[in-house]
Amino acid sequence: MTAQPPVSDDLDRLATVRKSIVRAIESAGRKTDVVRLVCVTKTIDKNRIQSILEAGHRHFGENRVQEAEAKWPELRKRFPDLRLSLIGPLQTNKVREAVELFDAIETVDRPKLAQALAKEIDRQNKAPELFVQVNIGEEPQKAGVAPGETDAFLRQCREAFGLRIAGLMCIPPLGEPPSPYFALLAKIAARNGLTRLSMGMSSDFERAIQLGATEVRVGSGIFGERS
Ligand SMILES: *Cc1c(COP(=O)(O)O)cnc(C)c1O
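So, how was this worked out
Residues numbered from 1 in each chain as written. Predicted model: local features only at pLDDT ≥ 70, side-chain atom pairs only at ≥ 80, totals over all residues. Heavy atoms only, no water. Helix = DSSP H or I, 4+ residues; strand = E, 2+ residues; numbered from the N terminus. Buried < 20%, exposed > 50% of the residue type's maximum accessible area, 1.4 Å probe, protein only. Polar contact = N/O pair within 3.5 Å; in protein donor to acceptor, adjacent residues only side chain to side chain. Contact = heavy atoms within 4.5 Å. Salt bridge = Lys/Arg side-chain N within 4 Å of Asp/Glu carboxyl O. 1 Å grid on protein atoms, 1.4 Å probe; cavity = no way out; pocket = protein on both sides within 12 Å on 5 of 7 lines; lining within 4 Å. Points joined across faces, edges and corners; volume = space filled by probe spheres on them. Nonpolar A, V, L, I, M, F, W, Y, C, P; charged D, E, K, R; others polar. Disulfide = S-S within 2.5 Å. Near = heavy atom within 4 Å. Areas by Shrake-Rupley, 256 points an atom, 1.4 Å probe, with all protein chains shown as cover. Sits in = over half its atoms within 2 Å of the grid points.

A. Examining unusual backbone geometry more closely. With phi around 70°, threonine 43 is a residue other than glycine that occupies positive phi space. Structurally, threonine 43 is set in the loop between strand E1 (36–40) and helix H2 (46–54). Located in the positive-phi region is asparagine 125, a residue other than glycine, with phi close to 50°. Mapped onto the elements, asparagine 125 comes out in the loop between helix H5 (111–124) and strand E5 (129–134). Note on asparagine 125: relative accessible area 70%, which makes it exposed.

If you want it as structure tokens, here you go:
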């Protein structure tokens, strides 16, 4: 068995992140209940997650369907009110599992996936919150709809597939100041009448909150660097 870092460190860092979030919300002059902290638990084992649940946190994010399937059904039995968001790429052959498992899917990024989601949401009679992922820096290696194609894709989601989209999600390019990208995502959302913005990670969630984030996704800021 490998040694696990003490859970108390996770809880201390969670408390620190929460405080920084409140400070950022206040300095932006926003209302304190508008930002959700999505605690990102990829690679983190069930015991450590359970301690975060026992401390009262309820909103989590995973980036792989298969990893989530191995951890979350059991945790959900004990904590039925938890909320799980998919923040990583979704293949169409995993849509059934994703709709069963997740309360939010933040990575809707192509017509084929939107269509498969619409069909599965109807079949399972569920209503996961959906976010369209925007490839905000137009990076070839990154998933997401190009900023210039987002309006048309949103229209297609609504009109062709009957999907209700809650907001937009992005991951800005590494090693560049993120604020212009956050501002661009906010602008695309506003002109499409969307109110939810999933943006900001451990290194930049304060700046994302400044620019209107409603969900920040924090992993290493709570659990330490992933090995
Ligand atoms: C891993 C991950 C995060 C969290 O990143 P940290 O830098 O560890 O906070 C946020 N969003 C996505 C999409 C991720 O894959």
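B. Molecular detail of the side chain of arginine 196. Turning to its location among the elements, arginine 196 is positioned in strand E7 (residues 196–198). Side chain to side chain, arginine 196 and glutamate 215 meet in a polar contact 2.6 Å long. When neighbours within four sequence positions are excluded, arginine 196 is seen to be in contact with Arg36, Glu129, Phe131, Ala166, Gly167, Leu168, Thr214 and Glu215.

C. Structural context of the environment of alanine 55. Relative to the helices and strands, alanine 55 resides in the loop between H2 and strand E2 (59–62). Alanine 55 sits in the partly exposed class, given a relative accessible area of 46%. Expressed as a C-alpha distance, the spacing of alanine 55 and glutamate 26, which sit 29 residues apart in the sequence, is 24 Å.

D. Quick peek at the pattern of salt bridges. Applying the stated criterion to the full structure yields 19 salt bridges. For arginine 13, the salt bridge is made with aspartate 10, and the minimal N-O distance between the two is 3.0 Å. One end of the pair is arginine 13 and the other is aspartate 10, both in helix H1 (residues 7–27) and three residues apart, which spans about a single turn. Between aspartate 10 and arginine 48 there is a salt bridge, with its nearest N and O atoms 2.9 Å apart. Residue aspartate 10 is located in helix H1, and its partner arginine 48 is located in helix H2; the two are separated by 38 residues in the primary sequence. The exposure class of arginine 48 is buried, given its relative accessible area of 8%. Because the salt bridges share partners, they merge into one network encompassing Arg36, Arg83, Glu129, Arg196 and Glu215.

E. Here's a closer look at the layout of surface pockets. In this structure, the largest pocket occupies an estimated 560 Å³ of space. Partitioning the lining of the largest pocket into residue classes produces 11 nonpolar, nine polar and six charged. Considered as a void within the structure, the second largest pocket measures approximately 230 Å³ in volume. The wall of the second largest pocket is formed by 15 residues, among which Ala127, Pro128, Leu130, Leu163 and Arg164 lie closest to the centre. Elements supplying a minimum of two residues to the lining of the second largest pocket: H5 and E5. If one sorts the elements of the lining of the second largest pocket by residue count, H5 sits on top with three residues. Of the residues that constitute the lining of the second largest pocket, the class distribution is nine nonpolar, one polar and five charged.

F. Seen up close, the state of the cysteines. Under the definition given, this model contains zero disulfides. In this structure cysteine 39 is not part of a disulfide, and its nearest cysteine sulfur, from cysteine 170, lies 20 Å away. Here cysteine 157 stays free of any disulfide, with the sulfur of cysteine 170 as its closest cysteine sulfur at 17 Å.

G. Representation of the site of the ligand within the structure. Lining the immediate surroundings of the ligand are Val40, Lys42, Ile87, Met169, Ile171, Met201, Ser202, Arg217, Val218, Gly219, Ser220 and Arg226. In this structure, glycine 219 approaches the ligand through a main-chain N or O atom, which is 2.8 Å from an oxygen atom. At 2.7 Å from an oxygen atom of the ligand is found a main-chain nitrogen or oxygen belonging to serine 220. Out of a free accessible area of 390 Å², the ligand has 89% covered by protein chains. Its atoms largely coinciding with the cavity grid, the ligand occupies the largest pocket. A per-class count over the shell around the ligand returns six nonpolar, three polar and three charged.

Limitation: the analysis is restricted to geometry and does not speak to function.
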